[in-house]
Amino acid sequence: MPTAHEEVLADLGPRIVDGLLAPGDALTLDAIRADYEVSRTVAREVVQVLASMGLVESRRRTGVTVLPEERWDHYAPSVIRWRLAGPGRGRLLHQLAQLRAAVEPTSAALSAVHAAPETRRRLLRLADDLERTGAGGDLQAFLELDVTFHRLLLDGTGNPMFGALGDVVEEVLRGRTDHDLMPSEPAPEARRLHAEVARAVAAGEAEVARAAMHAICVEVVGQLRPD
């Protein structure tokens, strides 16, 4: 059961990212309190969260003002999730796929050099599980394994800047599945490439891992066309 704070945030956030509340529009704590029948404390907490994402700005004299898109924190998982649920989904997914193509091949190569032995073993096990669930058409199980696989590669770099992108990549993967943009059975070639990445990381073959992950990302970019 979502809390009052979560319910208000889940309505106001999408209204901002979808443009129903335009840049420059004013909000007040009293209006939020009255519209959603919540306490002033809850209204204040919601505004603080929205401000932390760059969606609004709160100043003593001017109150709460909706900010333009260029001020948003585009890496905030909630912002990504809300935008994926809105009308600009295709364009956003294409942009995020381009980001993945710029980052994940390097993360695979770095993991081949720096990942801990247990991480390498887990990637091999995950690749086997991805093949099994993908071939069986179990998209939800495949998704959970795929999220773990890509997070491990980012964390395995040993660079926290890469690891911090785990939430972004997860939202992309979940968004494609949640909005029915995945094939009913993950492509055999994609499953093969995941296994190739895992084997290359396990063997310490950085350039092989990079090339296989690049092929995965290029295939995804090609599938996702902007609106």
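Because the structure is predicted, anything quoted here is derived from the model rather than measured.

A look at the packing of helix H1 (residues 4-17) against helix H3 (residues 40-52)
The N-to-C vectors of H1 and H3 enclose an angle of 45 degrees; their axes lie 10 Å apart at closest approach. Classed by the angle they form, the pair H1 and H3 counts as oblique. Crossing geometry of H1 relative to H3 is assigned as right-handed. Along the contact surface, H1 presents Ala4, His5, Val8, Leu9, Leu12, Gly13 and Ile16, while H3 presents Val42, Glu45, Val46, Val49 and Leu50. Taken together, the residues of the contact of H1 with H3 break down into 9 nonpolar, 2 polar and 1 charged.

Regarding the environment of glutamate 207
By the element assignment, glutamate 207 lies in helix H11 (residues 206-223). Relative accessible area serves as the criterion here: at 51%, glutamate 207 is assigned to the exposed category. As for glutamate 207 and valine 103, which are separated by 104 residues in sequence, their C-alpha atoms are 14 Å apart.

Side note on the sheet that holds strand E2 (residues 56-59)
Here we have 3 strands laid out as an open sheet, ordered E1-E3-E2, and antiparallel in their pairing. Only two strands of the sheet have a single neighbouring strand rather than two, namely strand E1 (26-27) and E2. Note that E2 and strand E3 (residues 63-66) share 4 bridges and pair antiparallel. Residue pairing in the sheet places valine 56 in a bridge with valine 66 of E3.

What to know about the side chain of serine 111
Residue placement: serine 111 occurs in helix H5 (residues 89-114). The class of serine 111 is buried, set by a relative accessible area of 1%. Within the structure, serine 111 has its side chain in polar contact with the backbone oxygen of leucine 153 (distance 2.6 Å). The contact partners of serine 111, leaving out residues within four places of it in the chain, are Arg120, Leu152, Leu153, Gly156, Thr157 and Val201.

Cut-offs applied
- For every chain, the first residue of its written sequence is number 1, and the numbers climb from 1 along that sequence.
- Only residues with pLDDT of at least 70 are given local features in this predicted model, and only at 80 or more are side-chain atom pairs given and counted; all residues enter the totals for whole chains, interfaces and linings.
- The side-chain numbers reported here are obtained from all heavy atoms of the structure, hydrogens and water having been left aside.
- Lines fitted to C-alpha atoms define the axes, with helix axes restricted to the stretch in contact, and inter-axis angles between N-to-C directions lie between 0 and 180 degrees.
- Starting at the N terminus, helices and strands are each numbered in turn, a helix being any DSSP run of H or I of at least four residues and a strand any DSSP run of E of at least two.
- The scheme is simple: roughly parallel for angles under 35 degrees, roughly antiparallel for over 145, roughly perpendicular for 65 to 115, oblique for anything else.
- By the definition used in this description, the sense in which the near helix is turned from the far one sets the handedness, with an anticlockwise turn below a right angle giving left-handed and a clockwise turn giving right-handed.
- Whether two residues are in contact is decided by their heavy atoms, any of which lying within 4.5 Å being enough.
- Classification used: nonpolar for Ala, Val, Leu, Ile, Met, Phe, Trp, Tyr, Cys and Pro, charged for Asp, Glu, Lys and Arg, polar for all others including Gly.
- Think of it in three bands: residues with accessible area under 20% of the maximum for their type are buried, residues over 50% are exposed, and the middle band is partly exposed, with areas taken using a 1.4 Å probe on protein chains only.
- If DSSP finds at least two bridges between two strands, the strands pair.
- Here a polar contact is recorded for every N or O atom pair within 3.5 Å, except that within protein the pair must consist of a potential hydrogen donor and a potential acceptor, and residues adjacent in sequence are included only if both atoms are side-chain atoms.

Interpretation in functional terms is not warranted from these geometric data alone.
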